[in-house]
Amino acid sequence: QVRLAESGGGSVQAGGSLRLSCAPSGRTTYNMGWFRQAPGKEREVVAAITRSGKTTIYADSVKGRFTISRDTAKNTVDLQMNSLKPEDTAVYYCAADLSTLLHRSSGAYDYWGQGTQVTVSS
């Protein structure tokens, strides 16, 4: 069982920034993703990163504003969110994938964090 501890959510005005962090239990590395789910909407991928950190993918809606990265010393996966918009408001989830492929689909991920709320006001 892998436990994922998320931190860094909160409230910010449009144009502001937040940084989310996800710390998996243990020292094993996984392909990791950040997803979000707004009220009444399906869960969608925001960004994902391979074990090595060399390959990343982003949702079109966040390209150029969000950056996913690994801190190997801390064994965390971070999501830097800049130029936030009200439509970025959602619960953000960290997820771990045991496979070797980098996926956009939430169904491919094996473990999930509890979620952290991000609220962007206009």
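Provided above is the structure to which this section pertains.
Quick caveat, the model's predicted, so the values are computed rather than measured.

> Which residues make up the packing of aromatic side chains, and what are the values?
Applying the stated criterion to the full structure yields four aromatic pairs. Judged by centre distance (5.0 Å) and plane angle (80°), the rings of F35 and Y109 are edge-to-face. One end of the pair, F35, is in strand 4 (residues 31-37); the other, Y109, is in the loop between strand 9 (90-97) and strand 10 (111-112), and 74 residues separate them in sequence. Relative accessible area serves as the criterion here: at 0%, F35 is assigned to the buried category. Members of the aromatic cluster, each reached through a chain of ring pairs, are F35, Y93, Y109 and W112. Its guanidinium or amino end placed over the ring of Y93, R43 lies 3.8 Å from that ring's centre, counting from NZ or CZ.

> Requested: an account of the nonpolar core, with residues and values cited.
Counting residues in hydrophobic clusters, the biggest one holds 29 residues, and the most contacted among them are M32, W34, L79, M81 and Y92. Residue assignment for this core shows that the elements contributing at least two residues are strand 3 (18-24), strand 4, strand 5 (44-49), strand 7 (66-71), strand 8 (76-81), strand 9 and strand 11 (116-121). With four residues, strand 9 is the largest single contributor of residues to this core. Excluding residues that lie within four positions of it along the chain, M81 makes contacts with G16, S17, L18, L20, R65, F66, Y92 and V118. Counting residues in each nonpolar core, the second largest holds six residues, with F35, V45, A95 and Y109 among its members.

Basis of the calculations
Along each chain, residue indices are assigned from 1 in the same order as the chain's sequence is written. The predicted nature of this model means local features are confined to residues of pLDDT at least 70 and side-chain atom pairs, given and counted, to a pLDDT of 80 or more, with totals for whole chains, interfaces and linings taken over all residues. As a rule here, side-chain values cover all heavy atoms of the structure and leave hydrogens and water aside. Pairing of aromatic rings covers Phe, Tyr and the six-membered ring of Trp, with a centre-to-centre limit of 6.5 Å; geometry is then stacked below 30 degrees between planes, edge-to-face above 60, and tilted otherwise. Numbering of helices and strands starts at the N terminus; helices are DSSP runs of H or I of at least 4 residues and strands are runs of E of at least 2. The classification of residues rests on relative accessible area computed with a 1.4 Å probe and restricted to protein chains. Under 20% of the type maximum is buried, over 50% is exposed, and intermediate values are partly exposed. Charge over a ring is defined by NZ of Lys or CZ of Arg lying within 6 Å of the ring centre and within 35 degrees of the ring normal. What we call a nonpolar core is a set of buried Ala, Val, Leu, Ile, Met, Phe, Trp, Tyr and Cys residues that are connected through their side-chain atoms within 4.5 Å. Whether two residues touch is decided by their heavy atoms; if any such pair falls within 4.5 Å, the residues are in contact.

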